[in-house]
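Results of the structural survey
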Amino acid sequence: MRAEASAGPVRLGASDRRRWGIQVVALVVVAAVAGLLVTGVDRVFVRPALVSVPEMRGQDPVVARATLERLGLQVAETITSPAGFRSGEVASQRPPVGAGLRPGGVVELGVAAQPVRIEVRKNSYVGRRTSEAETTLRALGFVVSTERVVSEIASGTVIDVSPDGPVMQGEPVRIVVSKGVG
């Protein structure tokens, strides 16, 4: 007699199901290892590569922004008035050229503005606290130097500012500060 094949579903025993499950897990592990070998194990388990900050000084800010964004970096712009740069070009950058940033890191670009003359009135600063005068003058675009001298006036108080009158942004302004009686 001849045995006829049944048309119904094949039923697996418990040991067959276990063996089949082990084979599926083994196949997944082999595929994962093969994937690591193809893509490189170091790329899977290592932090993202750092992006080297390129030289942006002297460039148009629109071009500089596009370049940095193409590298995966973010851009913040500030206005500055340094000597030696034309109005509208990148005059400074932070971090400096060659620094490594993670993707998404921020590069601050200082864009040169046309310097203007600003009235520096000595009387507006004399008697103020050093930090207050320095902060105000730097915000106006001046390079501030501070000299401390012995004086009867309370320590940390501005006693002189020079020059007094119209000063070009980016130029130095000297603050003389009391350091007390000594």
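Residues numbered from 1 in each chain as written. Predicted model: local features only at pLDDT ≥ 70, side-chain atom pairs only at ≥ 80, totals over all residues. Heavy atoms only, no water.

Looking now at the sheet that holds strand S8 (residues 158–162). With mixed pairing, three strands are arranged side by side in an open sheet as S7-S10-S8. Two strands lie at the open edges of the sheet, namely strand S7 (143–149) and S8, each paired on one side alone. Between one strand axis and the next, the sheet turns through 20 degrees on average, direction left out of account. Two strands pair when backbone bridges link them, and S7 and strand S10 (residues 172–178) are joined in this way by seven bridges, in the parallel orientation. Each bridged residue has a counterpart across the sheet, and for Ser145 the counterpart in S10 is Arg174. Of the strands in this sheet, S7, S8 and S10 are in contact with helix H5 (residues 130–139), which crosses S7 at around 160 degrees. (Pairing = 2+ DSSP bridges. Helix = DSSP H or I, 4+ residues; strand = E, 2+ residues; numbered from the N terminus. Axes fitted to C-alpha atoms, helices over the stretch in contact; angles between N-to-C directions. Contact = heavy atoms within 4.5 Å.)

With that settled, the discussion passes to the sheet that holds strand S2 (residues 74–80). Sheet strands pair by backbone hydrogen bonding; their relative direction is either parallel or antiparallel. If you walk across this open sheet you meet the three strands as S2-S5-S3, and the pairing is mixed. In this open sheet, the two edge strands, each paired with only one partner strand, are S2 and strand S3 (90–94). The mean inter-strand angle of the sheet, taken between neighbouring strand axes irrespective of direction, is 25 degrees. Here seven bridges tie S2 to strand S5 (residues 106–112), and the two strands are oriented parallel to one another. Along S5, the bridge assignment pairs Val75 with Val107.

What follows covers the environment of Ser145. By secondary structure assignment, the location of Ser145 is in strand S7. Assessed through its relative accessible area of 36%, Ser145 is described here as partly exposed. Sequence separation between Ser145 and Val176 is 31 residues, and the spatial gap between their C-alpha atoms is 8.6 Å. If we ignore the near neighbours within four places in the chain, the residues touching Ser145 are Val173, Arg174 and Ile175. (Buried < 20%, exposed > 50% of the residue type's maximum accessible area, 1.4 Å probe, protein only.)

Okay, a nonpolar patch on the surface next. Among the surface-exposed residues, Val25, Val29, Val33 and Leu37 lie close enough to one another that they form a single nonpolar patch of about 380 Å² accessible area. If you trace the backbone, Val25 turns up in helix H1 (residues 14–39). The class of Val25 is exposed, set by a relative accessible area of 52%. (Patch = residues over 30% accessible without salt bridge, like charges linked within 9 Å, V, L, I, M, F, W, Y side chains within 5 Å. Areas by Shrake-Rupley, 256 points an atom, 1.4 Å probe, with all protein chains shown as cover. Salt bridge = Lys/Arg side-chain N within 4 Å of Asp/Glu carboxyl O.)

All right, on to the side chain of Glu89 then. The residue Glu89 is located in the loop between S2 and S3 in this model. With relative accessibility at 9%, the residue Glu89 sits in the buried group. Polar contacts involving the side chain of Glu89 include one to the main-chain amide nitrogen of Arg86, which spans 3.0 Å. Those residues in contact with Glu89, other than ones at most four positions away along the chain, are Gly58, Gln59, Pro61, Gly84, Gly110, Val111 and Ala112. (Polar contact = N/O pair within 3.5 Å; in protein donor to acceptor, adjacent residues only side chain to side chain.)

On to the confidence of the model for the chain. Here the chain shows a mean pLDDT of 85. Residues at 70 or above account for 86%. Averaged over each element, pLDDT in the chain is lowest for helix H2 (residues 41–45) (56) and highest for S8 (96). (pLDDT = per-residue confidence, 0-100.)

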